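The residues making up each chain are set out below.
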Amino acid sequence: MTERLYEIDSHISEFDAQIISVTKTEDGYITVLDRTAFFPEGGGQASDTGAINGVSVDYVFMDNNVIYHCTKEPLEKGKAKCILDFDRRFAFMQNHSGEHIVSGIVNEKYGFDNVGFHLGEDFVTLDFNGVLSRAQLDEIEYEANKRVWQNVKFKAWYPSKEELQKLPYRSKKEIDGDIRIVQIENTDMCACCAPHVKEAGEIGIIKLLDFEALRGGIRIFMKCGEFALKDYRNKYENALKISATLAAKQNSIADVVLQLEKKYEDEKHKVSALNKRITDNIVKGFNTELDGVIEENFEIKELQMLADGLHKTYGGIKSAFSKCDGGYNFAICGDVESLDEFFKYLKTKLNIRGGGRNGMVQGCVFADMSEISKYFKF
Ligand SMILES: [Zn+2]
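Every value quoted in this text rests on a predicted model; they were computed, and no experiment measured them.

Peer 1: Is there a simple way to think about unusual backbone geometry in this case?
Peer 2: Negative phi is the rule for most residues except glycine; trans is the rule for most peptide bonds. Its identity as a non-glycine residue notwithstanding, N65 has a phi of 70°, on the positive side. Along the chain, N65 turns up in the loop between β6 (55-63) and β7 (66-71). The partly exposed category is assigned to N65, whose relative accessible area is 36%. A positive phi angle, near 55°, is found at N186, a position not held by glycine. Considering the arrangement of structural elements, one finds N186 in the loop between β12 (181-184) and β13 (188-191). Overall, the relative accessible area of 68% leaves N186 in the exposed class.

Peer 1: Could you clarify how one ought to interpret the sheet that holds strand β15 (residues 217-224) in this entry?
Peer 2: Strand order in this open sheet of four strands is β9-β10-β15-β14, and the pairing throughout is antiparallel. The two strands at the open ends of the sheet, each matched to only one other strand, are β9 (114-119) and β14 (206-214). Looking at each pair of strands side by side, their axes are set apart by 20° on average, direction ignored. Judged from the five bridges that link them, strand β10 (residues 124-128) and β15 form a sheet pairing that is antiparallel.

Peer 1: Is there a simple way to explain helix α2 (residues 86-110) in this structure?
Peer 2: Because each turn of an α-helix spans 3.6 residues, side chains separated by three or four positions end up pointing in the same direction. The first and last C-alpha atoms of α2 sit 35 Å apart over 25 residues, in line with the 36 Å expected at 1.5 Å per residue. With 19 of 25 residues buried, α2 lies mostly within the body of the structure. At the C-terminal side of α2, G111 shows a positive phi close to 75°.

Peer 1: Sorry, what's going on with the packing of aromatic side chains here?
Peer 2: Describing an aromatic ring pair means giving the distance of the ring centres and the angle of the ring planes. Scanning all chains against the criterion turns up 16 aromatic pairs. Between Y59 and F61, the aromatic rings sit 6.1 Å apart at their centres with planes inclined by 25°, giving stacked as the arrangement. What makes Y59 partly exposed here is its relative accessible area of 33%. Owing to a relative accessible area of 25%, F61 belongs among the partly exposed residues under this scheme. An aromatic cluster of at least three residues, connected via ring pairs, comprises F321, F330, F342, F343, F376 and F378.

Peer 1: Explain the coordination of the zinc ion to me, please; I cannot follow it from the model alone.
Peer 2: For a metal bound by four donors in a tetrahedral arrangement, the ideal donor-metal-donor angle is 109.5 degrees, while six donors in an octahedral arrangement ideally sit at 90 or 180 degrees. Bound to the zinc ion on the protein side are H96 (NE2), H100 (NE2), C192 (SG) and H196 (NE2), at distances that span 2.0 to 2.2 Å. For the zinc ion, the four donor atoms in the first shell make angles of 96 to 125° at the metal, so the coordination geometry reads as tetrahedral. By relative accessible area, H96 is classed as buried at 0%.

What counts and what doesn't
- Residues numbered from 1 in each chain as written.
- Predicted model: local features only at pLDDT ≥ 70, side-chain atom pairs only at ≥ 80, totals over all residues.
- Heavy atoms only, no water.
- Helix = DSSP H or I, 4+ residues; strand = E, 2+ residues; numbered from the N terminus.
- Buried < 20%, exposed > 50% of the residue type's maximum accessible area, 1.4 Å probe, protein only.
- Pairing = 2+ DSSP bridges.
- Axes fitted to C-alpha atoms, helices over the stretch in contact; angles between N-to-C directions.
- Expected span 1.5 Å × (residues − 1).
- Phe/Tyr/Trp six-rings, centres within 6.5 Å; stacked < 30°, edge-to-face > 60°.
- Donors = N, O, S within 2.8 Å, 3.2 Å for Na, K, Ca; no water.
- Tetrahedral: all angles 85-135°; square planar, octahedral: opposite > 155°, others 65-115°.

Listed below in structure tokens is the structure:
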């Protein structure tokens, strides 16, 4: 059994130990120490990383109470100087501890259980077996942050069987072996194996972000501490760029964007009315000896309108083309049978992506005009 220093003190970032064994595996080596502050993956929290005698530790896991440190390079038996990537671990502890506070408040206020927890490199999710509204989440978030401001204390210990029976603790699942209890002053009591902060002030901030429905319950996306600060910085940078571009105050960019969107919709309607007039004029002035027209900067929708207008006015198979990346966008209209046959033939001759039905086909042809003109009179 490896002595777990992270259970004695969650703030150990450097420690000395003895290397007991080193075993070669398929993709590196696994090393066992007599004692370790490296937390092995567990309880939804990723394993610690760091270095032993200067050799990188990429992953740590526990099996049968023995903790294994995975490295690419071999280590030798004897004395070990160990350093954790403590900034990473501390950010994990901030988020993990924030999760306990939120879960404790949700459980106390609404009676829902935390039924899932994921703590990854840059996002955290927690799942509850009941539905919560945005307004309720806002209240929970405020209450959770109040516990941070009150700097409530964390305590972890292994109670005796008798003591454990009397404790009102939350537990995600049946746990084999000794149960470790993590208690947060006036907030929560939960069975958990991972390291946490010592007092809530270390968490900094608890921010609930998005949420989504999940099997009759809810999944909440959350960021605490350093994760939340990075998120705030990122959002601030974005708001800053948008506000500079729109020449709008940061706190009113959403309103300005909504106004712009409305303006854009109005402009789109105007453009579409103009296009209709242009199309009508092209149809009116069409030289009936030709099979179609080539226009500049026409979208597929406009080409469809044009080909349709030409076919309806003059009959026969009529087409409209407009240059695009690597070729020409097109729309062709005609009577169903003759168009189907013509388009089938065209596909054997030209590199075409597209199709259609009911007397209209559209898409893109990857060829230059000299090639396309072999099949159309323009
Ligand atoms: Zn925990």
